[in-house]
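Analysis of the macromolecular model
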Amino acid sequence: MTLEAIRYRAGSLQVLNQLLLPHQTAYDEIRSVQDAYEAIKSMKVRGAPAIAIVGCLSLAVELRAGTGGDDPVTFIRESLCHLTSARPTAVNMGRAARELMEYAENESMEKNSEQLRESVIAWIENMLARDVNDNKKIGNYGAQHILSGVPRDSVTILTHCNTGSLATAGYGTALGVVRSLHALGRLKRVYCTETRPYNQGSRLTAYEAVAEGIPATLITDSMAALTMREMDITAVVVGADRVVANGDTANKVGTYQLAIAAKHHGIPFYVAAPSTSCDLSLESGRDIVIEVRPPEELTSINGVPIAAPGIEVWNPAFDVTPHQLITGGIITELGVFLPSELQAALTGRLTAL
Ligand SMILES: CSC[C@@H](O)[C@@H](O)C(=O)COP(=O)(O)O
């Protein structure tokens, strides 16, 4: 079974409503940029690559319907600016916006509005295939790197949040590495953290693992250090929302404490992310804007209150793992790099932000 989180046919876009998973499989129609903005903000769609792809595809849908009239460039600029503001930490939407705007402006110099629309739509549609291809390369590089470090037949991975088909155009990043290990017959088991407060691990990663027959065990976030000590974890592999020039990485809150625990237990800690999640314009993780989400995500589950009424809440959605703790490496579609190697490896390959 292949999970299809994003359904796109020319002019029509549907997203799997991840707020309803794992109990209901329902697709929501995205007819406009505003629909996409709301789906991203409310986390019907989430995961750094998927946010950018759905945002841009919604623009393609509107362009195909003729929105923007004789001045598509202005419409594209305003739409991309709006979409980028939905969730600030992941860099992918901002990067896609920058690249697409540059492309649209260049195209507008020699094409009429209709031709410009067509070429911008084609650029956007290409994002889907590119992301899946990149993820498969990440899966392959990551699996080989992890296996090269161990004499064993099979490995045990611990992962966090959801970084699979539901967070990308398909296959996934950190979960893509797990998929590749499984396809090679070398995965003994993956431990997935529940990932409070939004439960991407228990609702989404567990759903993907069960659907595909990947041997997986769910743990609460507070069991991670114990699992590392007791369950012979070979490597911790997580995704990223933004990897900056020195290798510091913003990812789902809880990643930082996993990296500290992995270091304590001598377990290699990997970040798996496409180069589109890297941002060489920021020098260190201190410069990353961390999204703070509504208190209700902590105080209730599916509308049912679980916390003492009146308690104050702090709900940062992400944390930053310092590069010193990323001991295994950063797995990209271009290869696996130590944090200290990343900037040189990507310079000239990424457009400036
Ligand atoms: C391939 S997804 C990588 C990251 O975006 C993922 O680990 C993560 O932090 C997702 O956070 P979310 O808040 O669910 O969008």
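In what follows, the structure referred to is the one given above.
Note that the structure is predicted; figures quoted are calculated from it, not measured. Residue positions are given per chain, counting from 1 as you read along its sequence in written order. Where totals are concerned, whole chains, interfaces and linings use all residues; where local detail is concerned, this predicted model gives features only for residues with pLDDT of at least 70, and gives and counts side-chain atom pairs only at 80 or more. The basis for the side-chain values is all heavy atoms of the structure; hydrogens and waters are excluded.

**Quick look at the sheet that holds strand 6 (residues 216-219)**
- If you walk across this open sheet you meet the seven strands as 6-5-4-7-10-15-16, and the pairing is mixed. Two strands in the sheet have a free side with no partner beyond their single neighbour: strand 6 and strand 16 (335-337). Between one strand axis and the next, the sheet turns through 25 degrees on average, direction left out of account.
- For two strands to be treated as a pair, DSSP must find at least two bridges joining them. Counting from the N terminus, the helices are DSSP H or I runs at least four residues long and the strands are E runs at least two residues long. With three bridges joining them, strand 4 (residues 155-159) and strand 7 (residues 235-238) adopt parallel strand pairing. Its bridge partner lying in strand 7, Ile 157 is registered against Ala 235.
- The contact rule is simple, with two residues in contact once any of their heavy atoms fall within 4.5 Å. Think of each axis as a best-fit line through the C-alpha atoms, taken over the contacting stretch in the case of a helix, with angles from 0 to 180 degrees between the N-to-C directions. Each of strand 4, strand 5 (187-193) and strand 6 is contacted by helix 7 (residues 200-212), which is oriented at about 160 degrees to strand 5, the strand it contacts most.
- This element, helix 11 (residues 339-346), spans strand 15 (329-332) and strand 16 of the sheet and lies at about 130 degrees to strand 16.

**Concerning the site of the ligand**
- Whether a residue is near a molecule or strand depends on its heavy atoms: it is near if one of them lies within 4 Å of it. The full set close to the ligand counts 18 residues, and Arg 87, Gln 200, Asp 241, Asn 251 and Lys 252 are the nearest of them.
- Distance and chemistry together define a polar contact, namely a pair of N or O atoms within 3.5 Å, with one atom able to donate a hydrogen and the other to accept it when in protein, and with adjacent residues in sequence counting only for side-chain atoms on both sides. Gly 47 has a polar backbone atom sitting 2.9 Å from an oxygen atom of the ligand.
- Here Arg 87 contributes a side-chain N or O atom positioned 2.8 Å from an oxygen atom of the ligand.
- When the ligand sits alone it has 410 Å² of accessible area, and the protein chains cover 99% of it.
- For the shell around the ligand, the elements supplying multiple residues, two or more each, are helix 2 (48-64) and strand 9 (249-252).
- Domain start and stop points were drawn from an automatic or database domain assignment. A domain split of the shell around the ligand shows at least three residues from each of domain 1 (6-132) and domain 2 (150-351). Computed with a 1.4 Å probe, the accessible areas rest on the Shrake-Rupley method; for each residue, only the protein chains presented here act as cover.

**Brief notes about the sheet that holds strand 11 (residues 278-279)**
- Strands sit in the order 11-8-9-14 across an open sheet of four strands; the sheet is mixed. Every interior strand has two partners, whereas the edge strands, strand 11 and strand 14 (318-321), have only one.
- Together, strand 9 and strand 14 form the strand contacts of helix 9 (residues 255-265), whose direction differs from that of strand 14 by roughly 35 degrees.

**Topic: the nonpolar core**
- Counting residues in hydrophobic clusters, the biggest one holds 48 residues, and the most contacted among them are Ile 6, Leu 59, Leu 80 and Ile 124.
- Looking at this core, the elements that each hand over two or more residues are strand 1 (6-9), strand 2 (12-16), helix 1 (33-41), helix 2, helix 3 (72-84), helix 4 (92-110), helix 5 (113-148) and helix 7.
- Looking at this core, the element that brings in the most residues is helix 2, giving 11 residues.
- Counting contributing residues, this core receives three or more from each of domain 1 (6-132) and domain 2 (150-351).
- Setting aside anything within four residues of it in sequence, one finds Ile 124 in contact with Cys 56, Leu 57, Leu 59, Ala 60 and Leu 100.
- Nonpolar cores were defined as sets of buried Ala, Val, Leu, Ile, Met, Phe, Trp, Tyr and Cys residues, with membership established by side-chain atoms within 4.5 Å. Only protein chains enter the accessibility calculation, which uses a 1.4 Å probe; a residue whose area is less than 20% of its type maximum is buried, one above 50% is exposed, and one in between is partly exposed. Core analysis: the second largest hydrophobic core is formed by 27 residues, Leu 258, Ile 326, Phe 337 and Leu 346 among them.

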